[in-house]
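Given next are the chains, with one letter for each unit.
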2 protein chains.
Amino acid sequence: MANRLHDVVDGALRVLDTHGLEFLSMRRVAAELEVQPSALYHHVPNKQTLLALMADEILARGRRDEPTGPWDKRVAALCDEFRTAMLAVRDGAEVVATASAFGLGAAAPEQRLSAALAGFDEDVAVSGARTIMLFVLGHASARQMHEQASATGAIEPDDSIGSAESFDLGLGLILSGLRTLAPIGA
Amino acid sequence: MANRLHDVVDGALRVLDTHGLEFLSMRRVAAELEVQPSALYHHVPNKQTLLALMADEILARGRRDEPTGPWDKRVAALCDEFRTAMLAVRDGAEVVATASAFGLGAAAPEQRLSAALAGFDEDVAVSGARTIMLFVLGHASARQMHEQASATGAIEPDDSIGSAESFDLGLGLILSGLRTLAPIGA
DNA sequence: ACCTGAACACCGTTCAAGT
DNA sequence: ACCTGAACACCGTTCAAGT
């Protein structure tokens, strides 16, 4: 079949999108690629690494041009980019969140956020970026986990849980907090 | 052995604390209780439910008296309670985060937070509580995941990642945002 | 009420061997 | 370089049967 790393990541994302993270196994990915499970280990050392590569790909697929304008608009635009990218694939936020704990996946987004906060004190830019990233990640994963739980009938659906409105409200709160510390003329 | 539900949850928390979430299996919990795996299903319908009960217990063990004083001090005290409770057991934050997606575990904490924000508009109190809870949960899980990843040598340690300082900075940002919307005299 | 013992349908990963 | 086939040491869950 002559698969390459890119094909493996692609196949894994197809399995993720159709079956969900719960059923994403190396054996299913192998079946998707019409290959034996052991063949995957030629491309990837373990499942964890595959998940990290999937996280990067999820974010890369939603990548947009770097936003311009005032810092708060830029931050909001970046958050929308990340959120849209993660929501575009089933359980995408959970995959990115898991990978980000290992310093992968969400590291680049967090750096883009702190670059958008370059006018602030270094400490504020760093913890501001981290706070925003935790919010975006947590909000999107809570939405997708709730979607999955309510789809299987384990819970009664609640449309407010990961809504765009609640996202804007929460992000607005953090941005207001940042404005409080904004350097003059930013 | 005549175990009761409480013994099962207790045993599961012992396994969690000594082996971590990655190695928390029904079979290990059974071994901890010196019982066959199938015996657990007399007390609990499945692993997911057990995890939810563990999340509740983790938070219950750290429970403190309801704080008094100005709203921002109360919110900070609650956040410290939740953070301390989750950090007290290995991978505790991850367990609570997972369970909270199913409307369990973190629901009660979020309600206590929104009660502390009772002076605000309903919408603000609700999304403020949610934003804070996502931050506390995300911050604590990122710390514990990083601890685990760096303990196994998968990553170079970074003490700043879940530090109390970065926690205070991030929470301070959200509280500043809320102050911006504070009703007069709150 | 609480538990055993055996089974079913899965996992991730390794490794010798093939082309 | 990429893959097969077989194996190892595990999973969660079910179910008849025991006390």
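First things first, this report covers the structure right here in the doc. Note that the structure is predicted; figures quoted are calculated from it, not measured.

This part takes up the protein's contact with DNA strand C. Residues in contact with DNA strand C amount to 20 residues; listed here are only the nearest, A:Arg27, B:Gln36, B:Ser38, B:His42 and B:His43. Counted by atom, the contact set of DNA strand C within 4 Å of the protein is 54% sugar and phosphate. B:Ser38 has a polar side-chain atom sitting 2.6 Å from a base oxygen of DNA strand C. One nitrogen or oxygen atom from the side chain of B:His43 is found 3.5 Å from a phosphate oxygen belonging to DNA strand C. Ranked by residue count, the leading element in the surface near DNA strand C is helix H2 (residues 26-32) of chain A, at three residues. Here the surface near DNA strand C is composed, by residue class, of seven nonpolar, eight polar and five charged.

What follows deals with the packing of helix H8 (residues 164-180) of chain A against helix H7 (residues 122-151) of chain B. Pairs of packed helices are described in terms of their axes, by the angle between the two and the distance that separates them. Following both chains from N to C, one finds H8(A) and H7(B) inclined at 75°, their axes separated by 9 Å at the closest point. Of the possible angle classes, the one that applies to H8(A) and H7(B) is roughly perpendicular. Residues A:Leu169, A:Gly170, A:Leu173 and A:Ile174 of H8(A) form the contact with H7(B), whose own contacting residues are B:Asp123, B:Ser127, B:Gly128 and B:Thr131.

Counting through the fold element by element, A:Ala76 comes out in helix H4 (residues 71-87). The sequence separation of A:Ala76 and A:Asp7 amounts to 69 residues, and the corresponding C-alpha distance is 33 Å.

Here we come to the protein's contact with DNA strand D. As a matter of local geometry, DNA strand D sits amid 20 residues, with A:Gln36, A:Ser38, A:His42, A:His43 and B:Arg27 nearest to it. Backbone sugar and phosphate groups make up 52% of those atoms of DNA strand D lying within 4 Å of the protein. A:Asn3 places a polar main-chain atom, nitrogen or oxygen, 3.0 Å from a phosphate oxygen of DNA strand D. Residue B:Tyr41 places a side-chain N or O atom 2.8 Å away from a phosphate oxygen belonging to DNA strand D. When the residues that make up the surface near DNA strand D are grouped by side-chain class, the tally is seven nonpolar, eight polar and five charged.

The interface is formed by 28 residues belonging to chain A together with 28 residues belonging to chain B. Among the residues chain A hides against chain B, the three largest losses belong to A:Ala101, A:Leu134 and A:Leu173. Together they make up 24% of the total. For the pair chain A and chain B, the number of links is zero salt bridges. Summed over the shared surface of chain A and chain B, the number is zero residue pairs in polar contact (both at pLDDT 80 or more). Put simply, the parts of the chain that give the side of chain A that touches chain B at least two residues each are helix H7 (122-151) and H8 of chain A. Element by element, the count of residues in the side of chain A that touches chain B is highest for H7(A), at twelve residues. Across the side of chain A that touches chain B, the residue classes tally to 13 nonpolar, 13 polar and two charged.

This brings us to the relation of the copies chain A and chain B. After a rotation of 180° and a shift along the axis of 0.0 Å, chain A superposes on chain B with an RMSD of 0.0 Å. A rotation of that kind, with that shift, is consistent with a two-fold axis. Every residue of chain A has its C-alpha some distance from the rotation axis, and the shortest such distance is that of A:Gly177, at 1.9 Å. Most of the interface of chain A is mirrored in chain B, where 100% of its interface residues are also at the interface.

Quick notes on the rules
All residue numbers refer to positions counted from 1 along the written sequence of the respective chain. To read the labels, note that chains go from A and ligands from 1, taken in the order they are written. Totals for whole chains, interfaces and linings use all residues, but because this is a predicted model, local features are given only for residues with pLDDT of at least 70 and pairs of side-chain atoms are given and counted only at 80 or more. Side-chain numbers here rest on the full set of heavy atoms in the structure, without hydrogens or water. To be near a molecule or strand, a residue needs just one of its heavy atoms within 4 Å of it. Polar contacts, as used here, are pairs of N or O atoms within 3.5 Å; protein pairs need one atom able to donate a hydrogen and one able to accept it. Residues neighboring in sequence count only if both atoms are side-chain atoms. Runs of H or I in DSSP of at least four residues are treated as helices and runs of E of at least two as strands, each being numbered from the N terminus. Just so you know the grouping, Ala, Val, Leu, Ile, Met, Phe, Trp, Tyr, Cys and Pro go in nonpolar, Asp, Glu, Lys and Arg go in charged, and all remaining residues, Gly too, go in polar. With axes taken as lines fitted to C-alpha atoms, and helix axes fitted only over the stretch in contact, angles between N-to-C directions fall between 0 and 180 degrees. Oblique is the label for any angle not under 35 degrees, not over 145, and not in the 65 to 115 range, which are roughly parallel, roughly antiparallel and roughly perpendicular in turn. What makes two residues a contact is simply this: any of their non-hydrogen atoms within 4.5 Å. Here's the idea: put two parts together, see how much 1.4 Å probe accessible area each one loses, and the total over both is what we call buried area. Each salt bridge in this description consists of a side-chain nitrogen of Lys or Arg and a carboxyl oxygen of Asp or Glu lying within 4 Å of one another. The atoms used to superpose the copies are C-alpha atoms, taken from residues with pLDDT of at least 70 in both, and the fit is least squares.

So, to be careful, I would describe these as geometric facts and stop short of saying anything about function.
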